[in-house]
Amino acid sequence: ETGVTQTPRHLVMGMTNKKSLKCEQHLGHNAMYWYKQSAKKPLELMFVYSLEERVENNSVPSRFSPECPNSSHLFLHLHTLQPEDSALYLCASSQGGLEQETQYFGPGTRLLVL
Amino acid sequence: AQSVAQPEDQVNVAEGNPLTVKCTYSVSGNPYLFWYVQYPNRGLQFLLKYITGDNLVKGSYGFEAEFNKSQTSFHLKKPSALVSDSALYFCAVRDTGTYKYIFGTGTRLKVLA
């Protein structure tokens, strides 16, 4: 395993629900990322945090709300989602966000919005 | 703007044969190029990267990739494919001066026994 864990692994929610995805990294990294993976589309970067500060917000709708309370934990709060938000949500981390660094990914949360 | 292209949705190869998964890129400045692999129900796993130096980069599980600046390509290769190599492969480039990785659409590799 890569040292990045995500919970839950699977989530089914209605459009009026509120839920949260959790990511934890055990690698001592300082940068964390949320990606959305949909079928037949490239991975979409959603948010980047470096040293608990959001440094990238890639035009993501406000129904997705990230939170990074410390360098080891990253949350994605979900509310009033749409069916098209159904996807695999991947968390990743890297040492410090430098260009040559490798990202380490968690196993993902498979989200289905009904 | 930086971009990567993986022209093949799927590549089929017989076990024991050499495999190539293609990637071309477009960057301004120095390219930082990566290959990742995704097995079913798993996240992406790092295979190898090119930062600088030798054009032939060796990575995990016997994979290697050749950086070709004139053709702006970074094809992934393996001399002898295994059935267990069957997975989804992603090429990525790091966007210069930002935190963004730009991923290709992925190529599904199927190794047939």
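Here the structure is shown first, and the text comes after it.
Counting of residues starts from 1 at the beginning of each chain's written sequence and follows it residue by residue. Each chain is given a letter, starting from A, and each ligand a number, starting from 1, according to the order in which they appear as written. Side-chain atom pairs in this predicted model are given and counted only at pLDDT of 80 or more, local residue features only at pLDDT of at least 70, and totals for whole chains, interfaces and linings cover all residues. Heavy atoms throughout the structure, all of them, feed into the side-chain values; hydrogens and water do not.

A. Structural context of the pairing of strand β2 (residues 10-14) of chain B. All names here are of chain B. With a 1.4 Å probe rolled over the protein chains alone, any residue whose accessible area is under 20% of its type maximum counts as buried; one over 50% counts as exposed, and the rest are partly exposed. Note on conventions: DSSP H or I runs of at least 4 residues are helices, E runs of at least 2 residues are strands, and numbering of each starts at the N terminus. A one-sided burial pattern is seen for β2, the buried positions being Val11 and Val13 and the unburied ones Gln10, Asn12 and Ala14. By the bridge criterion, five bridges tie β2 to strand β12 (residues 107-112) in an arrangement that is parallel. Bridging across to β12, Ala14 finds its partner in Leu112. Each pair of strands is called paired provided DSSP finds at least two bridges between the two strands.

B. Representation of the sheet that holds strand β3 (residues 18-25) of chain A. Residues and elements named next belong to chain A. On the basis of which strands lie adjacent, the open sheet formed by four strands has the order β1-β3-β8-β7 and antiparallel pairing. Each edge of the open sheet is held by one strand with a lone partner, namely β1 (4-7) and β7 (64-70). Taking each pair of neighbouring strands and ignoring which way they run, the sheet shows an average axis angle of 20°. Relative to strand β8 (residues 73-79), β7 runs antiparallel, the two sharing five bridges. Paired with Pro66 across the strands is Leu76, a residue of β8. Only the stretch in contact is used when fitting a helix axis, every axis being a line fitted to C-alpha atoms; angles between N-to-C directions are given from 0 to 180 degrees.

C. Spotlight on the interface of chain B and chain A. By definition, residues are in contact when any of their heavy atoms lie within 4.5 Å. The interface is formed by 24 residues belonging to chain B together with 26 residues belonging to chain A. In short, buried area is how much 1.4 Å probe accessible area vanishes from two parts on joining, totalled over both. Counting the surface chain B buries against chain A, the share from its top three residues, Tyr99(B), Tyr101(B) and Phe103(B), is 30%. Here a salt bridge means any side-chain nitrogen of Lys or Arg lying within 4 Å of a carboxyl oxygen belonging to Asp or Glu. For the interface between chain B and chain A, the tally reads zero salt bridges. Of all the secondary-structure elements, those providing two or more residues to the side of chain B that touches chain A are β5 (33-38), β6 (44-50), β10 (87-94) and β11 (101-103) of chain B. When residues are sorted by character, Ala, Val, Leu, Ile, Met, Phe, Trp, Tyr, Cys and Pro go into the nonpolar class, Asp, Glu, Lys and Arg into the charged class, and all the rest, Gly among them, into the polar class. Taken together, the residues of the side of chain B that touches chain A break down into eleven nonpolar, eight polar and five charged.

D. Spotlight on the nonpolar core. Residue and element names in this part refer to chain B. With 27 residues, the main nonpolar core has Trp35, Leu47, Leu48, Phe74, Leu76 and Tyr89 as its most contacted residues. Contributing elements (two or more residues each) for this core: β2, β3 (19-21), β5, β6, β8 (64-68), β9 (73-78), β10 and β12. At four residues, the largest contribution of residues to this core is made by β10. If near-sequence neighbours (up to four positions away) are discounted, Phe74 is found in contact with Cys23, Leu33, Phe34, Trp35, Leu48, Lys49, Tyr50, Val57, Ala65, Glu66 and Phe67. We call a set of buried residues a nonpolar core when its members are Ala, Val, Leu, Ile, Met, Phe, Trp, Tyr or Cys and they connect through side-chain atoms within 4.5 Å of each other.

E. Seen up close, the pattern of salt bridges. Throughout the structure, instances matching the rule amount to five salt bridges over all chains. Across the pair Glu44(A) and Lys41(A) runs a salt bridge whose closest N-O atoms are separated by 3.5 Å. Using a relative accessible area of 30% as the deciding quantity, one classes Glu44(A) as partly exposed. Lys78(B) is the partner of Asp85(B) in a salt bridge, and the nearest nitrogen-oxygen pair spans 2.8 Å. In this structure, Asp85(B) and Lys78(B) share a single accessibility class: buried.

F. Inspection of the environment of Gly53(B) at higher detail. Residue and element names in this part refer to chain B. Within the element layout of this structure, Gly53 appears in the loop between β6 and β7 (56-58). For Gly53, a relative accessible area of 48% gives the class partly exposed. Considered as a pair, Gly53 and Phe67 are 14 residues apart in the sequence and their alpha carbons are 9.8 Å apart.

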